[in-house]
Amino acid sequence: MSANAVALSYLVASVFFILALKGLSSPLSARRGNLFGMLGMTLAVLTTLTQTPNFGMIIAGIAVGGVIGTIIARRVQMTAMPELVAFMHSLVGLAAVFIAISAVNNPVAFHLHVPLPTGNKLELFLGSFIGAMTWSGSVIAFMKLSGRMSGAPITFPGQHLVNLAIFIVMIGFGMWFFLDAQTNWMAFSLMIGLAFILGFLIIIPIGGADMPVVISMLNSYSGWAAAGIGFSLNNTMLIIAGSLVGSSGAILSYIMCKAMNRPFLSVILGGFGAESGAVAAGDGTQKTHRSGSSDDAAFMLSNADSVIIVPGYGLAVARAQHAVKEMAHKLTEKGIKVRYAIHPVAGRMPGHMNVLLAEAEVPYDQVFEMEDINSEFGNTDVVLVLGANDVVNPLAHEKGSPIYGMPILDVSKARTVLVNKRSMASGYAGLDNPLFYMDKTMMVFGDAKKVIEDIVKALE
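Residues numbered from 1 in each chain as written. Predicted model: local features only at pLDDT ≥ 70, side-chain atom pairs only at ≥ 80, totals over all residues. Heavy atoms only, no water.

A. Fine view of the nonpolar core. Grouped together as the largest cluster of nonpolar side chains are 40 residues, with contacts concentrated most on Met170, Ile203 and Val214. Secondary-structure elements contributing two or more residues to this core are helix H4 (81-105), helix H5 (118-145), helix H6 (159-179), helix H7 (185-203) and helix H8 (211-233). For this core, the leading source of residues is H7, giving 10 residues. Judged by nonpolar contacts, the second largest core, of 38 residues, contains Ala298, Val307, Met353 and Ala448. (Core = buried A, V, L, I, M, F, W, Y, C linked by side-chain atoms within 4.5 Å. Buried < 20%, exposed > 50% of the residue type's maximum accessible area, 1.4 Å probe, protein only. Helix = DSSP H or I, 4+ residues; strand = E, 2+ residues; numbered from the N terminus.)

Below is the structure:
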């Protein structure tokens, strides 16, 4: 392909990527958005293949990676999607590091001048250290989300000063590599090594409750790493795609931080300024709660005029989304108004609950975001909370609480609240929930899928 044809193909692919982001902004157009994204990526890959002499080797690599990816995608459970996403981010960062190392080692193969111009050194410097931090940080996020590492913040005295010192030294080695007239492998290697260490140290003090923000933040990092390498490779497609991923990930991180009442800089700098130590799950006083059976819950639901269902991580663990849809259908047949309330950070990654409900083909017009449905709880007869905890915790309204100011679903305003949990254990944030002890609340203990299936039988 001629240079003009390549530029045109990349431009069309970029338009497809932009349309993909636009489509993914709404559940109604998400499938179309995914289609645009696949078309854009296919066009970008095919165009790139026309520019390489190692066609066979690249096809072989794509085939091997495609087979591995297909096997993993078919086997992974929906509840494991957050850690899978974190793992994929780590691979993007590692790829950026490998490309940077290859470009420094053999500039001619990448159509770069020898010795490397300072401009290319700067691009490789930025892309490689961001990619290294993305890889190591994503590995920690994966381990925390998969249970291979404690979700509690891991801190030590002087942690932020250590991080700052490592960052300054890392930048110092990077500047040494950038300003040296020759290729300084020692400076380049030490910079990447420190970046790997810094990625670990930035993520370990972030608690499990902030993992949704971490995932979107690492997504942003991977995009910027790709964009930086794109400049070195003189690949406009990589620059555009990386910039789209980086900017959209940063915007999503900001939105998530706002939804959790977390300072944006606090999270992206590794919990700087966050409270140290674990939060107690309760004050030690004995509290009483009211519990009931699935039959009791079915009776309350069937006698309501309006019902709001609040899905949480417990729903995902039990894979109960199909049973919930069947229950909602039974209630709708009885003339009961049924809606779903989605908190922005419910689950373990942005949009986790939306994905689950979409998988069960829940009608989009029944699904409402927090800001659209919060005012409706006061006029609702029954709210059914399925495995959600922190996102419905009234402590968010109490000054002095660790989650004070965090926007929540105001389910406590409903006339009756049904809460399905396996036990009275605290949520991911480690806080007890006063909602569970209110007179209007009835706890229904058990696996969400089993409980909902029993409710469906009782409704029949």
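B. Structural detail: the packing of helix H13 (residues 321-333) against helix H16 (residues 448-459). Direction vectors running N to C along H13 and H16 enclose 25°, while the axes themselves pass 9 Å from each other. As the angle between them shows, H13 and H16 are arranged roughly parallel. You can see that H13 and H16 cross each other, and the crossing is left-handed. Residues Ala323, Val324, Glu326, Met327, Lys330 and Leu331 of H13 lie in contact with H16, whose contacting residues are Ile452, Glu453, Ile455, Val456 and Leu459. By residue class, the composition of the contact of H13 with H16 is 8 nonpolar, no polar and 3 charged. (Axes fitted to C-alpha atoms, helices over the stretch in contact; angles between N-to-C directions. Parallel < 35°, antiparallel > 145°, perpendicular 65-115°, else oblique. Left-handed = near helix turned anticlockwise from the far one by under 90°. Contact = heavy atoms within 4.5 Å. Nonpolar A, V, L, I, M, F, W, Y, C, P; charged D, E, K, R; others polar.)

C. A look at the pairing of strand E6 (residues 441-445). Burial within E6 is extensive, with 4 of its 5 residues counted as buried. Note: strand E5 (residues 416-421) against E6, 5 bridges, orientation parallel. Along E6, the bridge assignment pairs valine 417 with threonine 441. (Pairing = 2+ DSSP bridges.)

D. Broad picture of the pattern of salt bridges. Enumeration according to the criterion identifies 6 salt bridges in this entry. For glutamate 460, the salt bridge goes to lysine 330, with nearest N and O atoms at 3.5 Å. Of this pair, glutamate 460 sits in the segment after H16 while lysine 330 sits in helix H13, and the two are 130 residues apart along the sequence. Judged by relative accessible area, which is 22%, lysine 330 ranks as partly exposed. Ionic pairing is found between aspartate 381 and arginine 415, a salt bridge with its closest N-O pair at 2.8 Å. Taken as a pair, aspartate 381 in the loop between helix H15 (370-373) and strand E4 (382-386) and arginine 415 in the loop between E4 and E5 lie far apart in primary sequence, 34 residues in all. (Salt bridge = Lys/Arg side-chain N within 4 Å of Asp/Glu carboxyl O.)

All quantities given are derived from atomic positions and should not be read as evidence of function.
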